[in-house]
Amino acid sequence: MANKDNQYVVRHGDKWAVRGENKSRVAKTFDTQKDAISYGRELAKSNSSELRIQGKNGKFLDSDSYGNDPNPPKDKKH
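Heads up: these notes are all about the structure in this document. Numbers given to residues run from 1 along each chain, matching the order in which its sequence is written. Totals for whole chains, interfaces and linings use all residues, but because this is a predicted model, local features are given only for residues with pLDDT of at least 70 and pairs of side-chain atoms are given and counted only at 80 or more. With hydrogens and water excluded, all non-hydrogen atoms of the structure serve as input to the side-chain values.

### A short note on unusual backbone geometry
- Here Asn22, not a glycine, exhibits a phi torsion of approximately 65°, which is positive.
- Checked against the element boundaries, Asn22 lands in the loop between strand 2 (15–20) and strand 3 (28–30).
- Phi is positive for Ser48, which is not a glycine, with a value near 50°.
- Inspection of the secondary structure puts Ser48 in the loop between helix 1 (33–47) and strand 4 (50–54).
- In this scheme, a residue with accessible area under 20% of its type's maximum is buried, one over 50% is exposed, and one in between is partly exposed, where area comes from a 1.4 Å probe on protein chains only. The class for Ser48 is partly exposed, based on a relative accessible area of 31%. Every helix listed is a DSSP run of H or I at least four residues long, and every strand listed is a run of E at least two residues long, numbered separately from the N terminus.

The following block contains the structure:
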């Protein structure tokens, strides 16, 4: 799957924003990171893509895949 629909939660001035991959403009801004993550997660789910979350220090902390993950976790055998 092409990753053009991946969503990023990023700092945007003193706020948080959700921006689509390779987009110069943000989709929407939020006062809290939590609200931005919630919105970004819904977009990623609807696009069957990935959500990447940036921390306050600018480094990406986490990512969640909602599509065809090329490296899904292996099932544990008991």
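From this point, the discussion proceeds with the structure in view.
### Brief notes about the sheet that holds strand 4
- Note: two strands are recorded as paired if DSSP finds a minimum of 2 bridges between them. Here five strands make up an open sheet; going across it, the order is 3-2-1-4-5 and the pairing mixed. Two strands in the sheet have a free side with no partner beyond their single neighbour: strand 3 and strand 5 (60–65). Neighbour to neighbour, the strand axes of the sheet diverge by 25° on average, direction disregarded.
- Sheet topology note: the strand 1 (residues 7–12)/strand 2 ladder contains six bridges and is antiparallel. Only C-alpha atoms enter the line fits that serve as axes; for helices the fit covers just the stretch in contact. Angles between N-to-C directions range over 0 to 180 degrees.

### Things to note about the side chain of Asn6
- By the secondary structure assignment, Asn6 is in the segment before strand 1.
- Asn6 sits in the buried class, given a relative accessible area of 10%.
- We call two N or O atoms a polar contact when they sit within 3.5 Å, provided that within protein one can donate a hydrogen and the other can accept it, with sequence-adjacent residues counted only if both atoms are side-chain atoms. There is a polar contact of 3.0 Å between the side chain of Asn6 and the backbone nitrogen of Glu50.
- Only heavy atoms enter the contact rule, under which two residues are in contact if any of them lie within 4.5 Å. Setting aside chain neighbours within four positions, we find Asn6 in contact with Arg19, Gly20, Glu21, Ser49 and Glu50.

### Considerations on helix 1
- Here helix 1 contains 15 residues, and its C-alpha end-to-end distance of 21 Å stays within 8% of the 21 Å for a straight helix at 1.5 Å per residue.
- Those residues of helix 1 that fall on the buried side of the exposure criterion are Ala36, Ile37, Gly40 and Ala44. Viewed end-on, helix 1 has its buried residues packed into an arc of 95°, placing them on one side of the element. Opposite its buried face, helix 1 presents the exposed residues Lys34 and Ser46, each directed more than 90 degrees away.
- The inward-facing, buried residues of helix 1 abut strand 1, strand 2, strand 3 and strand 4.
- Of the residues trailing helix 1, Ser48 is marked for its positive phi of about 50°. The span you would expect from a helix comes to 1.5 Å times its residue count less one. For this quantity, the arc is that covered by the directions from the helix axis to the C-beta atoms.

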